[in-house]
Amino acid sequence: MLNINNLKASIDGKSILKGINLNIKPGEMHAIMGLNGSGKSTLANIISGRDSYTITEGNVIYKGESLLDKSPELRALKGIFMSFQYPVVIPGVNLTYFLKAALNAHRKHRGEDELDAMHFLKLIREKIKQVDIDEKYLKRAVNEGFSGGEKKRNEILQMITLEPSLSILDETDSGLDIDALKIVANGVNQYRTSENAFLVITHYQRLLNYLKPDYVHVLIDGKIVKSGDMSLALELEEKGYGWLEK
Amino acid sequence: MTLSHFQIEFEKMINRDYFSDKIHPMRKEAFSKFIQNGLPTKKWEDWRFTNLASITTKEFHLSEVKDSPKGTIDLSPYQIEDVDTIVIYNGHYLESLSSTPPGLKLLSGLEYLSSKKGTFENSDNSPFDLLNTAFMDSGIAIIVEPNTNIKKPLRLLFISSGKNHLMVSPRVHIDVEESSSLFFIEQHVSQNSESYFQNESVFISVENNSQLDHIRIQSNSESTTNMANLHVKQQADSQYSFFQFADGCTLGRLNIYAKLKGEGADCALNGIALSTGNQHLGHHIIIDHKVPNCTSSQNFKSILQDQSSGVYSGRTIVRKDAQKTNSTQSNKNLLLSKDALMHSIPQLEIDADDVKCAHGSSTGALDDEALFYLRSRGLDILSAKKLLVHGFVSEMIETIKHEPTKNSIHSQLQNWLIHYS
C-alpha cells in the first residue's frame, strides 16, 4: 500500500530525514518509535501533505501512485488519514458540520451521493459511541473546549467516520490517561481489517501493548536503525534507546 | 462636493415650501457651523484613515418628488419574516408599504419637535452630524411608552435607487421610555443605485430599566456612501445591544457615541464588516462611562479582501466618578489579501481607580494550521478557506436574538462568501 524509498527531507536547510525505507502492506500495522527530534512526526507530516518540508531525495508511492506531488486533500480523498499530534481548534466551525462536509467530500470523490443531515446524524450517533464522545460535543466548534483526551478521541472519531485505507497515528497516546488510552486503542482496533493499514508513531510502548503492531521500527536521527516485532518495543521500554545509538 | 455646492443645495432646501420653517433656525445654525469647519481632512485625528473622495468628487442633490418610486417596488429581496417595516425610498416615506407593531408610537420629525416643545437633541460632534441637522429630511421618531414591551421587531428599510447623485439625510429619534423594550432593525439596501450619499443621524435614549436591541444591516451597492452617526444615552439599569453587519458601500463609516448616564447600565456594541475591491468600512466608537457600576463591551470584526481597507477605532472613557466600571474591547481582523489594510486603534481613558477594563486587538491571515487540518480531512482549499472565514464571524451572528433576522444575516454572509475565491 505504501512504499517509502530512500526518503530524505529537510526543513529550513536542516536535514531531518536521512534516507527512510518502509513498506506497508494492507492489513499491517507498523509502529515507529524514537526520541524527540528523531524525525517521526516529520515522516507523518510528509505523508499527509504538510508543505513545510523540502524533499531532497527519494519518493513515496501510495497504491501505485507517486504521493508527494498531490495536495493534502487529494491524499485524504485517496484514503490517507493522519490523527494529529496537536489537533487544531477551529473556532466557529461546528463539529457536526465539519464532519459532514469532510465525509461528503469523500463520498463525492468515490462517486457516491452526499448524505443529507438526517442520515448523517444517524451515522455519526453510532460512531461517537465507539469512541465514547458525548453527543453535546457535536454541537461545539471543532476541538474548542475539548480536553486533551477528548481531542484525541475526536481524531479517532474522524478516522472511523472517513474510513481511510492508511491511518497514521501521530503520538495519539501523548497526554492520555489510561482510560482514554484504552478508548482510543479500542477505537483503532475495531477499525482494523485485512484491508486497512496503520502507521503508529509513539515514544512509548504503552499504546502498543493495546494495539499489538505487526512491525516495530526504531527511528534515530532520521534513519530507521532497527526493525523487529512487538518484542523490540518491550526491549526499548526496558533498555531505552542508548544501546542503538552509536 | 465642494462647500459652495453644499451651499447651493442648502438654499434649495430652505426655499422649499414643503419643509417647515419651524426647523429653519436649527438648520441654519448647524449649516453655518458646518461651513466654518468644512469637511474633515486626513489631518483631523479622527478622520486620518477615512478617504472622503466618494463625497468630495461628486455633486449630490437633494432628493426631489421625482425621486420617489414610480409604480410598485419589489420588497421581496429584503424579506425578513415576523417584522413590521417602515419603508424609506430615496428619503421618501412610503406609507402604503409600511406598518408598525402594535403599541409603538410613530411620529414625524415635526410632530416629535413639537412634542419636545421646539427643541430636540442635536449634536455637533462631527461635521456629518451638523450636515444631518442642516439637511435632515426623512425625520422619524419612534417612541415606546413606559411599561411597554413591543414584541414584534420594527424595521426601518432604507432603499436607495437611481442615478441622480442623491444626498439623503435620515434623522431618527428612538425613545425607549421607562421599563420598556424594543427590537429595532435598520436595513440599508440599494436598487440600481449608482451614486448615493446617505448621511444618517440616530438619537437613541434608553430610559431606566429599559431594553433596546438594535440591528443595523448596511448592504448598499458598491458605489454609494453611507455615513452613520449614532448617539446613545442610557439611564439606570438600561440595556442597549447593538449589532452591525456591513458589506456594502464604497465608503461606509459608523460613528457611535454612547453615554452611560445611569448606574447599572449595560452597553454591548458588536459589528462585522466584510469588504472587497476598494471598499472602506470603518467602526469609530466612543463609550463614555459617566457614573459607577456600568458595563460595556465592544466586539468588532472585519474581513478584508482585495485592496479594501477598514478601521476599528474604539475609545472607552471612564470618568472619575465611574468606579466599578467593567468594560471590554475586542477587535479581530482577518486579511484575505496582501493588499488589504486594517487600522486597529483600541483606546482607554481611565480617570477612576477601581475599574476593570480589558482590550485586545489582533489582525492576521487565515491560520495555516487550521487550513491544513481541514484539507487533511478532504476539504478542497477553497471550501476549507470559506469554512474558516465563516467560522471567524458566525458565532457573533448566532447571538442575534430574533431568529429570522439572524437567518437573514447568515444568508448574507453565505452570499458574500460565494464571491470569495
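Residues numbered from 1 in each chain as written. Chains lettered and ligands numbered in written order. Predicted model: local features only at pLDDT ≥ 70, side-chain atom pairs only at ≥ 80, totals over all residues. Heavy atoms only, no water.

## Section: the overall build of chain A
Looking only at helices and strands, chain A features 8 helices and 12 strands. For chain A, whose C-alpha radius of gyration is 18 Å, the value lies close to the compact-globule estimate of 18 Å for 246 residues. The 246 residues of chain A split such that 54% are buried. At a minimum sequence separation of 6, the contacts of chain A that also span at least 24 residues come to 68%. Split by element, the accessible area of chain A, about 10,800 Å² in all, is 48% carbon and sulfur. (Helix = DSSP H or I, 4+ residues; strand = E, 2+ residues; numbered from the N terminus. Rg over C-alpha atoms; globule rule 2.2 N^0.38 Å. Buried < 20%, exposed > 50% of the residue type's maximum accessible area, 1.4 Å probe, protein only. Contact = heavy atoms within 4.5 Å. Areas by Shrake-Rupley, 256 points an atom, 1.4 Å probe, with all protein chains shown as cover.)

## Looking at the sheet that holds strand 5 (residues 65-66) of chain A
Residues and elements named next belong to chain A. With antiparallel pairing, 4 strands are arranged side by side in an open sheet as 2-1-4-5. The open sheet terminates on both sides in strands that have one partner only, identified here as strand 2 (14-24) and strand 5. Relative to strand 5, strand 4 (residues 54-62) is paired through 2 bridges, and the arrangement is antiparallel. When the sheet's bridge partners are listed, Y62 is paired in strand 5 with E65. Against the sheet, helix 1 (residues 40-48) contacts strand 1 (2-11), strand 2 and strand 4, and its axis sits at roughly 110° relative to strand 1. (Pairing = 2+ DSSP bridges. Axes fitted to C-alpha atoms, helices over the stretch in contact; angles between N-to-C directions.)

## Thoughts on the pairing of strand 12 (residues 223-228) of chain A
For strand 11 (residues 215-220) of chain A and strand 12 of chain A, the ladder comprises 5 bridges, and the chain directions are antiparallel. Paired with V216(A) across the two strands is G228(A), which belongs to strand 12 of chain A.

## A short note on the sheet that holds strand 6 (residues 80-83) of chain A
Backbone-to-backbone hydrogen bonds pair the strands of a sheet. The strands run either parallel or antiparallel. Residues and elements named next belong to chain A. Spatial strand order, 6-9-10-3-11-12: 6 strands in an open sheet with mixed pairing. Looking at the sheet topology across the chains shown, the edges are occupied by strand 6 and strand 12. For this sheet the average axis-to-axis angle between neighbouring strands, irrespective of direction, equals 20°. Pairing of strand 3 (residues 29-33) with strand 11, which is carried by 4 bridges, proceeds in the parallel orientation. By the bridge assignment, M33 is partnered in strand 11 with V218. Across the sheet, helix 8 (residues 230-239) touches strand 3, strand 11 and strand 12, and the angle it forms with strand 11 is around 45°.

## A look at the interface of chain B and chain A
Across the contact, 19 residues belong to chain B and 32 residues belong to chain A. It is F372(B), Y373(B) and R377(B) that lose the most area in chain B upon contact with chain A, and together they represent 41% of the buried surface on that side. Taken together, the links from chain B to chain A amount to 3 salt bridges. On inspection of chain B and its partner chain A, the count reaches 11 residue pairs in polar contact (both at pLDDT 80 or more). Broken down by secondary-structure element, the contributors of at least two residues to the side of chain B that touches chain A are helix 6 (368-375) and helix 7 (381-398) of chain B. (Buried area = accessible area lost by both parts, 1.4 Å probe. Salt bridge = Lys/Arg side-chain N within 4 Å of Asp/Glu carboxyl O. Polar contact = N/O pair within 3.5 Å; in protein donor to acceptor, adjacent residues only side chain to side chain.)

## So, the domain arrangement of chain B
Interface size is commonly expressed as the accessible surface area that is lost when the partners come together. Residue and element names in this part refer to chain B. Segmentation of chain B into domains returns domain 1 (3-367) and domain 2 (368-421). On a C-alpha basis, the centres of domain 1 and domain 2 stand 27 Å from each other. Taken residue by residue, the interface counts 32 residues in domain 1 and 22 residues in domain 2. Roughly 2,400 Å² of surface becomes buried between domain 1 and domain 2 when both sides are summed, with 71% attributable to carbon and sulfur atoms. Linking domain 1 to domain 2 there are 1 salt bridge. Close ionic contact of K401 with D213 constitutes a salt bridge, the shortest N to O distance being 3.2 Å. At the boundary of domain 1 and domain 2, one finds 8 residue pairs in polar contact (both at pLDDT 80 or more). (Domains from an automatic or database assignment.)

## Digging into the layout of surface pockets
Estimates place the volume of the largest pocket at around 780 Å³. For the lining of the largest pocket, the secondary-structure elements that each account for two or more residues are helix 2 (72-77), strand 7 (90-94) and helix 3 (95-109) of chain A together with helix 7 and helix 8 (403-418) of chain B. For the lining of the largest pocket, a count of residues per class yields 10 nonpolar, 10 polar and 10 charged. (1 Å grid on protein atoms, 1.4 Å probe; cavity = no way out; pocket = protein on both sides within 12 Å on 5 of 7 lines; lining within 4 Å. Points joined across faces, edges and corners; volume = space filled by probe spheres on them. Nonpolar A, V, L, I, M, F, W, Y, C, P; charged D, E, K, R; others polar.)

## Quick notes on empty space enclosed by the protein
All names here are of chain B. Under the defined criterion, the tally for this structure stands at 1 cavity of 30 Å³ or more. Put simply, the largest cavity is a space of about 60 Å³. Lining the largest cavity are 13 residues; nearest its centre among them are Q218, Q244, G252, R253 and L254. Mapped onto the lining of the largest cavity, the elements with two or more residues apiece are strand 11 (211-219), strand 12 (225-234), strand 13 (239-246), strand 14 (251-260) and strand 16 (280-289). Looking at the lining of the largest cavity residue by residue, the class counts come to 5 nonpolar, 6 polar and 2 charged.

## Considering unusual backbone geometry
Working note: non-glycine residues mostly have negative phi, and peptide bonds are mostly trans. All names here are of chain B. A positive phi angle, close to 55°, is found at N147, a residue other than glycine. Checked against the element boundaries, N147 lands in the loop between strand 5 (139-144) and strand 6 (154-161). The exposure class assigned to N147 is exposed, which follows from its relative accessible area of 60%. A positive phi angle is found at D237, which is not glycine, with a value near 55°. In this structure, D237 sits in the loop between strand 12 and strand 13.

## Quick notes on the packing of helix 1 (residues 3-15) of chain B against helix 5 (residues 127-135) of chain B
Residue and element names in this part refer to chain B. Closest axis-to-axis distance for the helix 1/helix 5 pair is 10 Å, and the angle between their directions is 35°. Counting all contacts with helix 1, which are made through F6, E9, F10 and M13, the residues of helix 5 involved are L131, A134 and F135. Looking at the contact of helix 1 with helix 5, its residues break down into 6 nonpolar, no polar and 1 charged.

## What about the environment of T54(A)?
All names here are of chain A. Along the chain, T54 falls in strand 4. For T54, a relative accessible area of 46% puts it in the partly exposed group. Considered as a pair, T54 and N186 are 132 residues apart in the sequence and their alpha carbons are 36 Å apart. Apart from residues lying up to four places away in sequence, T54 is in contact with K8, A9 and S10.

## Quick look at the packing of helix 4 (residues 117-130) of chain A against helix 5 (residues 148-162) of chain A
Residues and elements named next belong to chain A. Between helix 4 and helix 5, the shortest axis-to-axis distance is 9 Å and the interhelical angle comes to 130°. Accordingly, the angle class assigned to the pair helix 4 and helix 5 is oblique. Two packed elements cross with a definite hand, and for helix 4 against helix 5 that hand is right-handed. Counted together, L123, I124, K127, I128 and Q130 of helix 4 and L157, I160 and T161 of helix 5 form the full contact between these two elements. Looking at the contact of helix 4 with helix 5 residue by residue, the classes come out as 5 nonpolar, 2 polar and 1 charged. (Parallel < 35°, antiparallel > 145°, perpendicular 65-115°, else oblique. Left-handed = near helix turned anticlockwise from the far one by under 90°.)

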